[in-house]
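# Tertiary structure, described
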Amino acid sequence: MTPDSERSEQVIESYKRRKLAASAIRRIHEIIQGFEQDRIADWRMARIGAMIILALLAIAAFLFFGSRGVTV
């Protein structure tokens, strides 16, 4: 092979590696962004669940302590 064709092949291989690396980095960022969105959704659902539990506890306490007598 001539030095020019070897250099051309090296340039092509370098270009392919750069494109592959850029594609991999982009995909990694997309995956991380998905995890961040899932984490935000999980946090929101946890807050809603905690509020529901507190509301149920408040209703149960009101019914338990607000009743005039406890019948067994």
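In what follows, the structure referred to is the one given above.
Residues numbered from 1 in each chain as written. Predicted model: local features only at pLDDT ≥ 70, side-chain atom pairs only at ≥ 80, totals over all residues. Heavy atoms only, no water.

## Description of the overall build of the chain
Within the chain, the regular secondary structure consists of one helix and zero strands. Looking at the 72 residues of the chain, the share that counts as buried comes to 0%. As displayed, the chain offers around 7000 Å² of accessible surface, 67% of which is attributable to carbon and sulfur atoms. (Helix = DSSP H or I, 4+ residues; strand = E, 2+ residues; numbered from the N terminus. Buried < 20%, exposed > 50% of the residue type's maximum accessible area, 1.4 Å probe, protein only. Areas by Shrake-Rupley, 256 points an atom, 1.4 Å probe, with all protein chains shown as cover.)

## Overview of the pattern of salt bridges
Under the counting rule described, the total for this entry stands at two salt bridges. With a shortest N-O distance of 3.2 Å, Glu 36 and Arg 39 are connected by a salt bridge. With Glu 36 and Arg 39 both in helix H1 (residues 3–66) and three residues apart, the pair spans about one turn of that helix. (Salt bridge = Lys/Arg side-chain N within 4 Å of Asp/Glu carboxyl O.)

## Structural notes on a nonpolar patch on the surface
Nonpolar side chains collect at one region of the surface, where Met 45, Ile 48, Met 51, Ile 52, Leu 56, Ile 59, Phe 62 and Leu 63 lie side by side and expose about 880 Å² of accessible area between them. By the element assignment, Leu 56 lies in helix H1. (Patch = residues over 30% accessible without salt bridge, like charges linked within 9 Å, V, L, I, M, F, W, Y side chains within 5 Å.)

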